[in-house]
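Fold and contact review
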Amino acid sequence: MSLVPLYEPRTISVTSSLVNFFQIGETVMWLDRAIKWLLPREEHFFTLLERGAQCALDASKLLVDCVSDSNRSSREITIKKIKDVELEADRVIIEVYKELNRTFVTPIDRSDIYKLGSELEGITDGIYSTALQITVHSMEELPSGSLEFAKLIERSCEEIRNAVIVLGSKSSFLEIRKHSKTIKSYEDQGDVIFRTEIASMFKHETDAIRLLKNKEFLEGLEESLDLCDDVGNVLSSIVIKNS
């Protein structure tokens, strides 16, 4: 007499379920692509992001002018110009938020647009906050390394602007990666300048108030350069997601 097992493996049914699962997943992905293809994509987001990148570049160029200038009156005029650029950057990011709220299909992930727009605006804010210290703290002489830092920020913003301009073209993703790597190299150079100048400052500066002013100013420059690197990281992330 043959014995019938109480439990019979259901390999075939499990395999069939897995096949169905992947088929459903592929169908959902196909439908998602079809919807994105059929519905109009709001490409003007790239124009807004370019405006944000241009604001950061304009502010960085004014920062170099401000740091290079030793005249107090002309410095204050330059700082006011940076403020105007900062206000324009605020208007751009507000427009980005509004467009995200009313747009169904975006050219790239809406969270990436939000993050990139916010980070670009953050660079302009950081530059203005740092430049404003010159007025608030009544700084006559700026610490050593300030001009080098300002030029690194300007170069980083140029790389950012150039990367954002080609963001809408997937064929330019390799170019964007190169821009991001260059921004990272500038940030590394800034770290070296910061450590060197801070060490020298604590070793030689005898005026405690001047020490605090100069240290805070260099920290502001270093933070602005870090913000540029943050944008480079966001751009790299967008490239990976959309490649």
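Description of the structure in this document. (Residues numbered from 1 in each chain as written. Predicted model: local features only at pLDDT ≥ 70, side-chain atom pairs only at ≥ 80, totals over all residues. Heavy atoms only, no water.)

Below, the discussion takes up the overall build of the protein. The helix and strand tally for the protein stands at seven helices and zero strands. Starting at the N terminus and ending at the C terminus, the protein contains elements arranged as α-α-α-α-α-α-α. For the protein, the residues scored as buried account for 42% of the 243 residues in total. Considering only intrachain contacts with a sequence separation of at least 6, the fraction spanning at least 24 residues in the protein is 82%. Approximately 14100 Å² of the protein is accessible, and the part contributed by carbon and sulfur atoms is 57%. (Helix = DSSP H or I, 4+ residues; strand = E, 2+ residues; numbered from the N terminus. Buried < 20%, exposed > 50% of the residue type's maximum accessible area, 1.4 Å probe, protein only. Contact = heavy atoms within 4.5 Å. Areas by Shrake-Rupley, 256 points an atom, 1.4 Å probe, with all protein chains shown as cover.)

As a further point, take unusual backbone geometry. Notably, S138 is not glycine yet its phi reads approximately 50°, a positive angle. For S138, a relative accessible area of 38% puts it in the partly exposed group.

To continue, consider the nonpolar core. In terms of nonpolar packing, the biggest core is built from 63 residues, with L116, I123, I160 and L167 touching the most fellow members. Elements supplying a minimum of two residues to this core: α2 (44-68), α3 (72-102), α4 (110-136), α5 (146-165), α6 (173-204) and α7 (208-242). Element by element, the count of residues in this core is highest for α2, at 14 residues. In contact with L167, not counting residues within four places along its chain, are F46, L49, I108, L116, F173, I176, L235 and I238. (Core = buried A, V, L, I, M, F, W, Y, C linked by side-chain atoms within 4.5 Å.)

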